[in-house]
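# Breakdown of the fold
One letter stands for each residue in the lines below.
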Amino acid sequence: MWYVSTRGMAPRVDFEGALFSGYAPDGGLFMPEELPQLGIETLRQWSSLSYPSLVKELCTLFIGPELIPRDVLNDLIDQAFHRFRHREVVHLSRLRNGLNVLELWHGVTYAFKDLALGCTAQFLQYFLEKKEKHVTVVVGTSGDTGSAAIESVQGAKNVDIIVLLPQGHCTKIQELQMTTVLRENVHVFGVEGNSDELDEPIKAVFADVAFVKKHNLMSLNSINWSRVLVQMAHHFFAYFQCAPSLDTHPLPPVEVVVPTGAAGNLAAGCLAQKMGLPIRLVVAVNCNDIIHRTVQRGDFSLFKAVKLTLASAMDIQVPYNMERIFWLLSGSDSQGTRALMEQFERTQSTSLPEELHDKLSEAMTSESVSDEAITRTMSRCWEENQYLLCPHSAVAVSYHYQQTDRQQPSLPRCCLAPASAAKFPEAVLAAGLTPETPAEILALEFKETRCTPMRKGDDWTLMLRNIIEGLSWQQRAHS
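Residues numbered from 1 in each chain as written. Predicted model: local features only at pLDDT ≥ 70, side-chain atom pairs only at ≥ 80, totals over all residues. Heavy atoms only, no water.

Let us look at the overall build of the chain. The helix and strand tally for the chain stands at 20 helices and 15 strands. Radius of gyration (C-alpha) of the chain: 21 Å, near the 23 Å computed for a compact globule of 479 residues. Each principal axis of the C-alpha distribution contributes one length, and for the chain these read about 65 × 50 × 50 Å. When each of the 479 residues of the chain is scored for burial, the buried share is 61%. Across the chain, the fraction of contacts at a sequence separation of at least 24, relative to all contacts at a separation of at least 6, is 75%. Summed over all atoms, the accessible surface of the chain reaches about 19,200 Å², with 49% contributed by carbon and sulfur. (Helix = DSSP H or I, 4+ residues; strand = E, 2+ residues; numbered from the N terminus. Rg over C-alpha atoms; globule rule 2.2 N^0.38 Å. Buried < 20%, exposed > 50% of the residue type's maximum accessible area, 1.4 Å probe, protein only. Contact = heavy atoms within 4.5 Å. Areas by Shrake-Rupley, 256 points an atom, 1.4 Å probe, with all protein chains shown as cover.)

Take the sheet that holds strand β13 (residues 364-368) next. Across the sheet, 6 strands lie side by side as β3-β4-β14-β9-β10-β13; this open sheet has mixed pairing. Either end of the sheet is taken by a strand with one partner, and the two such strands are β3 (91-94) and β13. Taken over all neighbouring pairs, the strand axes of this sheet differ in orientation by 25 degrees on average, direction set aside. Set on the sheet, helix α17 (residues 391-405) makes contact with β4 (100-103), β9 (254-259), β10 (279-285), β13 and β14 (413-417); between it and β14 the angle comes to about 160 degrees. (Pairing = 2+ DSSP bridges. Axes fitted to C-alpha atoms, helices over the stretch in contact; angles between N-to-C directions.)

Helix length check: helix α8 (residues 195-207) (13 residues) gives 18 Å between terminal C-alpha atoms against 18 Å at 1.5 Å per residue, within 8%. For α8, every residue scored as buried is listed here: S195, D196, L198, P201, I202, V205 and F206. Check the buried side of α8 and you find it contacts β5 (135-140), β6 (159-166), β7 (186-191), α9 (209-214), β8 (217-219) and α20 (460-478). (Expected span 1.5 Å × (residues − 1).)

With that settled, consider the domain arrangement of the chain. Per the domain assignment, the segments making up the chain are domain 1 (91-108 + 226-431) and domain 2 (134-203 + 212-221 + 449-478). Here the C-alpha centre of domain 2 lies 28 Å away from the C-alpha centre of domain 1. Listed by partner, the interface residues are 18 residues for domain 1 and 17 residues for domain 2. A buried area of about 1,300 Å², summed over both sides, lies between domain 1 and domain 2, and 46% of it is on carbon and sulfur atoms. The largest share of the area that domain 1 buries against domain 2 comes from V108, R227 and K423, three residues that together contribute 39% of it. Across the contact surface, domain 1 and domain 2 share 1 salt bridge. With a shortest N-O distance of 2.7 Å, D144 and K423 are connected by a salt bridge. At the junction of domain 1 with domain 2, the criterion picks out 4 residue pairs in polar contact (both at pLDDT 80 or more). (Domains from an automatic or database assignment. Buried area = accessible area lost by both parts, 1.4 Å probe. Salt bridge = Lys/Arg side-chain N within 4 Å of Asp/Glu carboxyl O. Polar contact = N/O pair within 3.5 Å; in protein donor to acceptor, adjacent residues only side chain to side chain.)

Attention now goes to the UniProt feature "domain: Tryptophan synthase beta chain-like PALP" (unreviewed entry) in the chain. In the numbering used here, UniProt assigns the "domain: Tryptophan synthase beta chain-like PALP" (unreviewed entry) feature to residues 106-399. As a span, residues 106-399 carries 51% helix and 16% strand, and end to end its C-alpha atoms are 23 Å apart. (UniProt positions renumbered as here; feature names shortened; annotations may be inferred.)

Where α8 meets α20, the axes come as close as 9 Å, and the angle between the chain directions of the two elements is 55 degrees. Judged on the interaxial angle alone, α20 and α8 are oblique. Crossing hand, α8 versus α20: right-handed. When α8 is examined against α20, the residues E197, P201, I202, A204 and V205 are found in contact with a partner set consisting of W460, T461, L464, R465 and I468. (Parallel < 35°, antiparallel > 145°, perpendicular 65-115°, else oblique. Left-handed = near helix turned anticlockwise from the far one by under 90°.)

What follows is about the side chain of T6. The topology assignment puts T6 in the loop between β1 (3-5) and α1 (15-21). Residues within four places of T6 in sequence aside, it is in contact with G28, L29, M31, E323, R324, W327, S334 and T337.

This brings us to the nonpolar core. Among the nonpolar cores identified, the biggest contains 116 residues, and F15, Y51, F81, F123, W225, F236 and M364 are the most heavily contacted of them. Of the residues forming this core, the biggest block, 12 residues, is contributed by helix α10 (residues 225-242). Not counting chain neighbours up to four residues away, the residues in contact with F81 comprise Y51, P52, V55, V89, L115 and C119. V397, C415, A419 and V428 belong to the second largest nonpolar core, which has 34 residues in total. (Core = buried A, V, L, I, M, F, W, Y, C linked by side-chain atoms within 4.5 Å.)

Take a look at the structure:
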């Protein structure tokens with residue numbers, strides 16, 4: 001299995017190459033050169049598999065046994081999930097009036113990112129140990145990525161991790177999950193800016209190819225192909241849990257509602273769809289609605305500023321995985337994708353060509369959800385089910401309520417729930433409800449913290465380069 005850049009100007013790489021690269025050298029994102037097609041028989045066989053077994057089947061298709069033998073791959077994936085609190089790893093809650101909520105948050109940091117990052121970190125360490133290499137991982141976070149990335153590599157001997165978090169833009173719990181991990185290989189920085197602003201110095205550092213090579217740098221956010229790969233399993237599991245019967249021909253469709261910011265879960269859904277999974281995608285966003293405007297009108301353009309919402313992890317203006325979706329839906333047109341993305345990078349605004357827009361609106365529908373609708377949904381779900389939703393999950397469920405209130409006949413529907421309400425007590429209170437906080441989250445308040453400030457007016461790119469050089473120097477001194 002080979003991977004090519006969405007912009008078509010970089011040499012193709014294998015899974016290991018894609019895993020260690022983040023962005024391709026031409027600024028694009030890696031995608032599989034060919035997509036395996038799954039027939040009805042395969043889907044029927046997979047329908048009884050557990051979530052971890054689905055991840056194993058998908059990873060086998062996209063990694064190849066010559067890179068990681070199947071038995072080793074199975075062990076790495078089991079290892080990635082061994083600290084999850086739910087024995088199924090991912091659990092479907094069936095609630096009143098056809099509301100299905102797929103809980104992707106049973107990992108250590110109570111968010112869906114534990115699923116893909118846990119696996120990605122295992123694959124990473126496997127290749128590093130084999131080659132006796134060391135990497136420095138650089139992560140910018142809007143909240144959940146940082147803590148899940150730290151959790152996945154803390155204490156690993158071949159990995160140092162640098163996390164930039166937007167001071168005051170994460171919830172208190174999200175911040176504490178990062179700043180209380182006092183391992184030697186974990187380095188956390190609090191940036192006086194939002195998550196789009198802190199991406200600038202990271203992008204600048206990664207643009208210096210010689211520097212990246214010299215210091216073995218890599219990123220672990222959702223630009224990394226490995227994360228999108230594991231996230232495809234959410235869609236397969238959602239489908240098999242919610243499809244009425246797989247005995248019919250063609251197979252019955254299921255609607256999957258994907259709340260998203262950077263569109264990683266959405267790209268995973270488009271790939272699953274292209275491989276033959278009969279899902280209809282609904283993308284649900286908060287007031288930062290660039291994806292909604294793109295689906296509705298082909299308007300892929302930035303507003304002047306990010307709006308702060310209760311669904312803070314989705315307060316993102318640049319959904320970089322849309323590039324993967326444009327490439328996929330345009331029939332792997334790397335020239336068109338490059339032109340589109342370069343124009344967007346130059347002017348922050350572009351209109352999709354009509355043909356691509358038609359393809360996009362065939363592949364998915366979309367909805368944008370206000371803070372008021374989020375709190376309304378949270379309190380309604382509590383009243384009807386005694387079930388607490390996090391604000392991001394509520395963005396998806398809000399769409400479900402909107403549809404059921406119209407009393408239109410609809411497909412079976414599954415709402416992805418990316419995080420636990422326990423991480424967002426502020427939003428739970430805003431919805432007039434009582435937070436339920438697990439003991440291990442309460443305990444964070446009393447732990448020692450470590451976080452280095454990056455202040456407005458500092459040269460963040462220079463600071464980041466200096467930190468990386470310091471770590472490389474230490475690494476050489478140790479070895």
